Structures are given as structure tokens and as C-alpha cells.
Amino acid sequence: MAGGTSDLRSNAATGGSNGLEMEEEMKLQDRQHSNGTVTTPAYRGNDMSVEANSAHKGADHDVPETTPNGARPQPPGTRKGSSPLAPAFMVSAPGKVIVFGEHAVAAMAAAISLRSYLLVTTLSKSQRTVTLRFPDISLSHTWNIDILPWAAFHSPSKKRKYYDLVTALDPELVEAMQPHLTAVSSDAPPAEQKIQHAAAAAFLYLFLSLGSQQSPPCVYTLRSTIPIGAGLGSSASTCVCISAALLLQSHALAGPHQDQLSEEAEKQLERINRWAFVGELLIHGNPSGVDNTVASGGKAVLFKRADYNKPPSVARLGDFPELPLLLVDTRQAKSTAAEVAKVAHLRTTHPAVAGHILDAIDKVTESAHALIASADFDSNNPAALQHLGELVALNHGLLFSLGVSHPKLEKLRRLVDDADVGWTKLTGAGGGGCAITLLRPTTTSSLSSSPSPSPSKLQTLQTRLEAEGFEIYTTTLGGDGVGALMPAVLTNGSAEVGGEVIDQDKFLRAEGREGVESLVGVVGGGAGGERGEWRFWRP
């Protein structure tokens, strides 16, 4: 993944694949189904494809060709043999921050260890429902699977395969969904309803595209440790989780495993990413594709957008190091459109000055990329991190010169500078929102004039920041992308035989961000460190 550059809509953001790859995938799928087997053993009894449930096509019964919604009904008097329910499983994807380059041509975005977690619970076949439970946005809704608009989504001219490249929504399919969205959170305040409808629409479009009327009834429960509406990619993280879960259920993914070849992991990440991008289209209308690319692949990306009428190009930075990060939410409301307009006005009224500032921001991003990509870069070397940190501080100063900072962001920066724990800049469009602090290394060196931040320094700083009304997250930059926990069982120091089974009740009872991370977090639990039961697609 490192170093590859492409058009984000046509390839990296939407998981581009060439014709040979598609042909190989279809041949593989044919081999898998020729004897009734699939690549993911845990889901053999719950194939979402129509073909897996077509045993009655030749039955000698006088039945209508289709039901009113266009789907073929089960012939009367026939009964399919029961099969055990698929075990519950989980998927998880990270949020993101912009590390360098806001408002300029080149920018760098990286994954953070704040994540979304989606628990998929299969119900008995008699239920015939699919339910969303997203308590963080107060969304809870159930659809009857049999009355969803399958005929529209599966008509020959509209049906999309799991390996298809989809870069735009089909207006007719969006319209076909609308009657099934009107009842979602109908009593909620308009602002909340907008968020809930967007999440429900993203799920339903992907469910109808990747599933079938024979899809197993399920409950999809999502909890997130990513602040919503803070420019940290929470919606993209959610879309990546939904995409990965539905693709796993439809057997379009083999699931991550320790012996997975790099090329296989790359291809499956692209598949997850392209369908997550479709979800982002439902939520944002015209997303860049950067957020879902980071949430899928993790680590970092370098993206360039010389023309805002065209999608950006992107290069994945697969060797981006994991770095300690302090993420602070100022809780100051912001408007990306307003900050972009400020910069546009400055470029109109002072083109030479604004141009030099933006060019300097590009140079900072390029310098940071060159530093991280160099063979001798060591993130544990205080001198190397000092160099990177200075670029972080320079980037913030240039953004301040553009006028996109805010008094709360400047107060935050001064407090961090006074504590001498690292280097701070705003992240995102500015005007409020969040800031990131690259923390000094945990080791000291004669090459660095500043000592490492002691726990007491960080605790004192945290107390001062909380007194100002800021929200603090100690996180990591540049970690893994999407991962799976199959089945949803963790050791967790539990006395349960085989480990602790994560069910809906436990998942929903987890209190806040700390409770979710403690119960199911990729990093968490009693022993701390990365939980070995989670598996990731790592090219």
C-alpha cells in the first residue's frame, strides 16, 4: 500500500480493481459455490446470495412468479431444513485527523485509535427483520426484510455486484428507499433526525445492494468512541464498519487472518473501501473519499487536490509510524464552509501573500512526508520526533496567518506550550473544533533539549484543559484500519469457558467511551495492550 498513487474516486477511495482481478474473483467465487462451500466457515448456513436459497425453484407448486415487491416467494407447503444461527461477530474501524496541510493542495491524514465498533447478531429465520441500534445518535429502527424494495435494487439494469466500482448514487434507487426511511425517528427534533436519517439511509442502501431477500434477520448495534461532528471521520468509520459487516455476511470477504497474503488483504480492503464510499455519498453528498480510505486501510494517506472540481489523488503511507497523540476538542462549534470562504476571500484580496502562505503549508507537508518516508526515520528517536514536531508547530502558525484559528484554539496551544509536552496544531478546517498535540517521546536523549513529558506534567495539563471546558483524548496516531472479531468472544479475564461472549446487552450496558474500550476495544481489557483476538487486513 505504501507509495501507491491514484485518483481517489476511481481507485483508492473506492477500491479500484482491474478486469483481471474481477475475473479471478468471480472464478474463485464459482469454485467456492460449486460444491456448496464458502470461504468463511462461520457463515456457511447464512449465505445472503439468492442462489444459495434457490433449491425450490423446480418445486412442483403453482405459485406466483413474484410477490408484490418483485421477489420470488417460498412455495406453500415447503420447509427448508433449519441450520444453526451464525455466531455474533464484530467489526471495527478508526477515526482520522488531518496531520498536515489543511486548506493547501497537499495534505496528510492519519488514523487515530478512537474507533467505531459494530456488533452483528443473527436472529432466528422466523423473525424476518433487520434492526439498527445506534445509541450514540439515539437511532433505533426495525425494517421488515420482505417488504423492502428488492425489486428495484435487483433489477438487471440496477443490480451491482460486490466487486463493482460505484462512484455515484442511482437516483431511482435512492427514491425507492424513501418510503422506508420516513418512519425513521419521525418524532426526533429536526437536527437529530437529519443525522439519524443519514445513517439509516447509508445502511439501507448498502444492505439492499449487497444483500437479498434471503438475507438473515439481524440486529446491527454500533457504539463509537469517536466524537461526532468534530471532523474526526466518525461517519466514514461507521460506513466502513457497515460495509465490512455486509461483505462478510455475503461471503465477499474471506475475513482477515494471520497467514493472509498481502495482495489478498489489499484487494479486500479496496472492496470494503469502495462500498464505504457509497455510504459516505448518502451521508455527505460529495465526499472526498479521504476519510473512508483512512478508516479502511489505517496508517495514513497523502492526498493532493489541485482542482476542487475534481477528486483528489491519494497515496497510502503504509509505513507511517504509530505516534502518541493528545487530541483535544475545544467544543467550539465550527463551520467548514465559513473557514474555506475566509481563505478564498484572502486569496482574492491578497493573492500574493495568501499564495505564499499556502505554498509554505504545502512545503511543510512535503517535508513531513519526506521525513517519515526516509529509511532512517525512527519515531523513538527524540531528535527525529523533534523535527516532526517542529513541522507540526510551523503548520499551525501558517494556518493562524490564514485566519482560520480561533481564540479557544490559541488558548489551548498556549497551555500545551507552557506544559512543554509536545507540539500542537489545529486539525481540520479550523474556526474551532479539535487540535492535536504530538507528544514528546517517552525516552530522553542528549540530542533533545526538552525532557520527556512526565505523567505529572500530563495530568496537570489535563486538569487545566478540563477547567477550560475542553475534552481530552489520549490516543495513538497511525494505527490499524478496519478489523474483525469473529466470533465476538474475548478473553477479558472472564471465567466463562472459552472466553467472554459479547452480546447486545453487555455491549449496550458499557458506559461511555471508557466502558466500550474496556469491553471490546482493540486496545484495552484488564491486561492492556492490543487484544490478540482482533484481526486486521494488513497488506
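Summarised in this report is the structure supplied together with it. All figures in this text were calculated on a predicted structure; none of them were measured in a lab. (Residues numbered from 1 in each chain as written. Predicted model: local features only at pLDDT ≥ 70, side-chain atom pairs only at ≥ 80, totals over all residues. Heavy atoms only, no water.)

Orientation of helix H5 (residues 190-210) relative to helix H7 (residues 262-284), taken along the N-to-C sense of each, is 140°, at an axis distance of 8 Å. Between H5 and H7, the angle falls in the class oblique. Viewed along their axes, H5 and H7 form a crossing whose handedness is right-handed. The segment H5 lies against H7, with Ala-198, Ala-201, Ala-202, Tyr-205, Leu-206, Ser-209 and Leu-210 engaging Trp-275, Val-278, Gly-279, Leu-282 and Ile-283. Residue composition of the contact of H5 with H7, by class: ten nonpolar, two polar and no charged. (Axes fitted to C-alpha atoms, helices over the stretch in contact; angles between N-to-C directions. Helix = DSSP H or I, 4+ residues; strand = E, 2+ residues; numbered from the N terminus. Parallel < 35°, antiparallel > 145°, perpendicular 65-115°, else oblique. Left-handed = near helix turned anticlockwise from the far one by under 90°. Contact = heavy atoms within 4.5 Å. Nonpolar A, V, L, I, M, F, W, Y, C, P; charged D, E, K, R; others polar.)

Bringing unusual backbone geometry into the picture now. Where the residue is not glycine, phi is negative for most of them; where a peptide bond is considered, it is trans in most cases. The step from Met-486 to Pro-487 runs through a cis peptide bond, and the omega angle for that step is 0°. On the secondary structure map, Pro-487 appears in the loop between strand S13 (483-485) and strand S14 (489-490). The backbone of Ser-138 shows a phi angle near 55°, a positive value even though the residue is not glycine. Among the structural elements, Ser-138 can be located in the loop between strand S4 (129-134) and strand S5 (139-144). On the accessibility criterion, Ser-138 (52% relative accessible area) is exposed. Although it is not a glycine, Ser-185 adopts a positive phi angle of roughly 50°. (Buried < 20%, exposed > 50% of the residue type's maximum accessible area, 1.4 Å probe, protein only.)

What follows is about the nonpolar core. Val-97, Phe-100, Phe-320, Leu-327, Leu-388, Leu-465 and Leu-477 are the most contacted members of the largest nonpolar core, which totals 59 residues. In this structure, Phe-320 is in contact with Met-108, Ala-110, Lys-299, Ala-300, Ile-372, Leu-477 and Gly-478, ignoring residues within four places of it in sequence. Counting residues in each nonpolar core, the second largest holds 58 residues, with Ala-199, Leu-206, Ala-265 and Trp-537 among its members. (Core = buried A, V, L, I, M, F, W, Y, C linked by side-chain atoms within 4.5 Å.)

Another aspect to go through is the pattern of salt bridges. On inspection of all chains with the given rule, the structure shows 15 salt bridges. Glu-102 is the salt-bridge partner of Lys-425, the closest N and O atoms lying 2.7 Å from each other. With a gap of 323 residues between them, Lys-425 in strand S10 (residues 422-427) and Glu-102 in the loop between strand S2 (89-100) and strand S3 (106-122) connect regions that are remote in the sequence. Looking at Glu-102, the relative accessible area reads 4%, which means it is buried. A salt bridge links Arg-413 to Glu-410; its shortest N-O distance comes to 3.0 Å. Pair noted here: Arg-413 and Glu-410 are both in helix H12 (residues 407-419), with a separation of three residues, about one helical turn. On the accessibility criterion, Glu-410 (10% relative accessible area) is buried. Through salt bridges with shared partners, a single ionic network connects Lys-158, Asp-170 and Glu-172. (Salt bridge = Lys/Arg side-chain N within 4 Å of Asp/Glu carboxyl O.)

Here we take up the pairing of strand S9 (residues 323-329). Counted residue by residue, S9 has six buried out of seven residues, so it is predominantly covered. Looking at chain direction, S9 and strand S12 (residues 471-477) are connected through seven bridges and run antiparallel. Along S12, the bridge assignment pairs Leu-326 with Thr-474. (Pairing = 2+ DSSP bridges.)

Right, let's talk about the environment of Leu-399 for a bit. Among the secondary structure elements, Leu-399 is positioned in helix H11 (residues 382-402). The spacing of Leu-399 and Gly-101 is 298 residues in sequence and 9.0 Å in space, taken between C-alpha atoms. What Leu-399 contacts, discounting residues up to four positions off in sequence, is Glu-102, His-103, Ile-361, Val-404, Ser-405, Lys-425 and Leu-426.

Because each turn of an α-helix spans 3.6 residues, side chains separated by three or four positions end up pointing in the same direction. A rise of 1.5 Å per residue sets the reference length of H7, with its 23 residues, at 33 Å; its end C-alpha atoms lie 32 Å apart and thus fit the reference within 8%. Trailing H7 by a residue or two, Gly-285 shows a phi angle of about 85°, which is positive. (Expected span 1.5 Å × (residues − 1).)

Topologically, Ser-185 is positioned in the loop between helix H4 (171-177) and H5. The class of Ser-185 is buried, set by a relative accessible area of 17%. As a C-alpha pair, Ser-185 and His-141 span 44 residues in sequence and 7.7 Å in three-dimensional space. Sequence-distant contacts of Ser-185, defined by excluding residues within four places in its chain, comprise Leu-139, Gln-193 and Gln-196.

Let's shift gears to the packing of helix H6 (residues 234-249) against H7. With their axes 8 Å apart at the nearest point, H6 and H7 run at an angle of 130° to one another. It follows that H6 is oblique to H7 by the angle criterion. H6 and H7 meet at a crossing whose hand is right-handed. Here Ser-235, Ala-236, Cys-239, Val-240, Ser-243, Ala-244 and Leu-247 of H6 lie close against H7, whose contacting residues are Arg-271, Ile-272, Trp-275, Ala-276, Gly-279, Glu-280, Ile-283 and His-284. Its residues assigned to classes, the contact of H6 with H7 comprises nine nonpolar, four polar and two charged.

Take the environment of Pro-382 next. Relative to the elements of secondary structure, Pro-382 occurs in helix H11. The exposure class assigned to Pro-382 is buried, which follows from its relative accessible area of 9%. Through-space distance from the C-alpha of Pro-382 to that of Arg-440 is 7.4 Å; in sequence the pair is 58 residues apart.

Here we take up helix H15 (residues 512-520). All buried positions along H15 are accounted for by Gly-515, Val-516, Glu-517, Leu-519 and Val-520. Elements that come into contact with the buried residues of H15 comprise S2, S3, strand S6 (218-224), S14, strand S15 (500-501) and helix H14 (504-509).

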